[in-house]
Amino acid sequence: MVTSRNPIDRAIDVLITVALLLLAATAFLPLINTLAISLSSKAAVSGGLVSLWPVGFNLSAYEYIIQDDKFWRAFGVSLMRVGVGAALNFVLTVLTAFPLSRTTRAFPARDVFMWLMVIGMILNVGVVPWYLTISNYGLIDSFWALVLPTALPVWNVIIMMNFFRNIPKEMDEAARIDGANPWQLLWYVYLPTSLPAMATVTLFSVVGHWNAFFDGLVLMNNPDNYPLQTYIQQLVIAQRLGLQGGQAELLGKLSNNTLNAAKLFIAMVPILAVYPFLQRYFIRGIMLGAVKE
């Protein structure tokens with residue numbers, strides 16, 4: 001028997017829906033504003049006339065970016081960083097989380113390794129020791145300086161480890177009775193049932209590598225090795241200092257704000273394209289990987 005809902009409950013649902021829509025709008029409005037600025041004329045942008053719709057529509061900024069070798073070089077560095085870095089993060093996260101998810105009877109030193117990792121994550125040693133360590137390994141101005149220092153994200157390991165612990169023990173025991181070794185357990189039992197957690201940690205890695213700019217700024221001496229976010233950050237700094245560099249010829253046609261907005265929007269497109277495919281696994285992966293039954 002279906003009963004009609006209380007009017008108060010319906011009103012509360014409406015209020016919650018409106019609140020969530022307003023919250024979503026606060027996330028989308030800056031994106032829309034950035035796109036509008038990138039498509040607007042120099043006069044409109046300089047006069048602060050652009051809000052959520054282009055004023056004096058033109059594609060000059062995007063026409064310039066197509067010919068900007070430095071931008072596409074930095075874009076390529078970031079793409080390679082995401083591909084190599086996320087793959088390395090995923091492999092090391094899985095290979096670390098699996099033994100740490102076992103009992104102390106199967107892995108007696110589990111608690112020792114777990115505490116070492118958590119303490120290292122909490123007690124950050126600081127920028128100077130981090131830089132000196134990377135420098136001593138000869139990685140300065142090298143692509144590997146962007147991926148090796150963050151090769152094992154401890155937070156991802158914790159999520160994956162707790163997800164593995166929630167997998168029914170009966171599946172583990174059945175596979176071991178059939179003669180499966182630890183590698184076969186991981187490949188045939190744990191990974192196929194861990195798609196939400198795998199999508200979650202992969203999304204964390206992809207977003208983290210794509211958005212990182214500080215390490216490129218500190219570790220790269222040659223601007224040709226900058227990842228995209230470092231390159232854009234340098235543009236913003238140059239704009240604030242009034243340094244136009246090689247963009248002086250653009251001043252008659254478009255402003256630096258317009259050009260930088262176009263570059264920022266293009267930099268956001270890859271993440272906006274990837275996120276919808278992983279979003280359905282994201283919440284489930286976080287919830288199942290955050291607590292242990």
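Look up: the structure comes first, before these words.
All residue numbers refer to positions counted from 1 along the written sequence of the respective chain. Side-chain atom pairs in this predicted model are given and counted only at pLDDT of 80 or more, local residue features only at pLDDT of at least 70, and totals for whole chains, interfaces and linings cover all residues. With hydrogens and water set aside, each side-chain value is computed from the structure's full complement of heavy atoms.

Caption draft 1: Looking closely at the overall build of the protein. Strands here are runs of E lasting at least two residues and helices are runs of H or I lasting at least four, both read from the DSSP assignment and numbered beginning at the N terminus. In terms of regular secondary structure, the protein is built from 13 helices and zero strands. Per-residue accessibility, obtained with a 1.4 Å probe over protein chains only, is compared with the maximum for each type, and a residue is labelled buried under 20%, exposed over 50%, and partly exposed between these values. The buried share of the protein, reckoned over its 293 residues, is 38%. Intrachain contacts of the protein at a sequence separation of at least 6 include 72% that bridge at least 24 residues. Here the Shrake-Rupley method, with its probe set to 1.4 Å, supplies the accessible areas, and only the displayed protein chains count as covering residues. Just so you have it, the protein exposes about 17,300 Å², and 68% of that area is on carbon and sulfur atoms. Contacts are residue-level and defined by heavy atoms, with any inter-residue pair within 4.5 Å sufficient.

Caption draft 2: Just unusual backbone geometry, in detail. One non-glycine residue, Asp-141, adopts positive backbone phi at about 65°. When you line up the elements, Asp-141 lands in the loop between helix H6 (127-136) and helix H7 (154-165). Asp-141 sits in the partly exposed class, given a relative accessible area of 28%.

Caption draft 3: The arrangement of the packing of H7 against helix H10 (residues 195-211) in detail. Between H7 and H10, the least distance of the axes is 10 Å, while the angle of their chain directions is 175°. The angle between the axes of H7 and H10 places the two elements in the roughly antiparallel class. Across the interface between the two elements, Trp-155, Asn-156, Ile-159, Met-160 and Phe-163 from H7 touch Pro-196, Ala-197, Met-198, Val-201, Phe-204 and Ser-205 from H10. Here the nonpolar group is Ala, Val, Leu, Ile, Met, Phe, Trp, Tyr, Cys and Pro; Asp, Glu, Lys and Arg are the charged ones; every other residue, Gly included, is treated as polar. Taken together, the residues of the contact of H7 with H10 sort by class into nine nonpolar, two polar and no charged. In this description, a line fitted to the C-alpha atoms serves as the axis of each element, helices being fitted only across the stretch in contact, and the angle between N-to-C directions of two axes falls anywhere from 0 to 180 degrees. We call two directions roughly parallel when the angle between them is under 35 degrees, roughly antiparallel when it is over 145, roughly perpendicular when it lies between 65 and 115, and oblique otherwise.

Caption draft 4: Molecular detail of the side chain of Ser-205. In this structure, Ser-205 sits in helix H10. Take Ser-205: its relative accessible area is 6%, and that puts it in the buried class. Look past the residues within four positions of Ser-205 in its chain and what remains in contact with it is Ala-86, Asn-89 and Asn-156.

Caption draft 5: Local environment of the pattern of salt bridges. Salt bridge, as used here: a side-chain nitrogen of Lys or Arg that lies within 4 Å of a carboxyl oxygen of Asp or Glu. Enumeration over the complete set of coordinates arrives at six salt bridges. For the salt bridge of Asp-68 with Lys-263, the shortest nitrogen-to-oxygen distance reads 3.1 Å. A residue pair is termed long-range when its members are at least 10 positions apart, and Asp-68 in the loop between helix H3 (60-66) and helix H4 (69-100) and Lys-263 in helix H13 (residues 256-290) qualify at 195 residues. Between Asp-215 and Arg-81 there is a salt bridge, and its shortest N-O distance comes to 2.5 Å. With Asp-215 in helix H11 (residues 214-219) and Arg-81 in helix H4, the pair connects residues that are 134 residues apart, well separated along the chain.

Caption draft 6: Inspection of the nonpolar core at higher detail. Side-chain atoms within 4.5 Å are what join buried Ala, Val, Leu, Ile, Met, Phe, Trp, Tyr and Cys residues into a set we call a nonpolar core. Grouped together as the largest cluster of nonpolar side chains are 33 residues, with contacts concentrated most on Phe-71, Leu-228 and Tyr-231. For this core, the secondary structure elements donating two or more residues are H3, H4, H10, helix H12 (228-241) and H13. Among residues more than four places away in sequence, those in contact with Tyr-231 are Asp-68, Lys-70, Phe-71, Ala-74, Tyr-226 and Lys-263.

Caption draft 7: Summary view of the environment of Leu-88. Relative to the assigned elements, Leu-88 resides in helix H4. Given the relative accessible area of 25%, Leu-88 is considered partly exposed. Between the C-alpha atom of Leu-88 and that of Thr-150, which follows or precedes it by 62 residues, the distance is 9.3 Å. Those residues within four positions of Leu-88 in sequence are excluded, and the remaining contacts are Val-147, Leu-148 and Ala-151.

Caption draft 8: Up close: the packing of H4 against helix H5 (residues 110-122). Contact pair H4 / H5: the axes reach a minimum separation of 9 Å and the direction vectors enclose 135°. Compared by their axis directions, H4 and H5 come out oblique. Contacts between H4 and H5 involve Thr-96, Pro-99 and Leu-100 from the first element and Arg-110, Phe-113, Met-114 and Met-117 from the second. Within the contact of H4 with H5, the residues separate by chemical class into five nonpolar, one polar and one charged.

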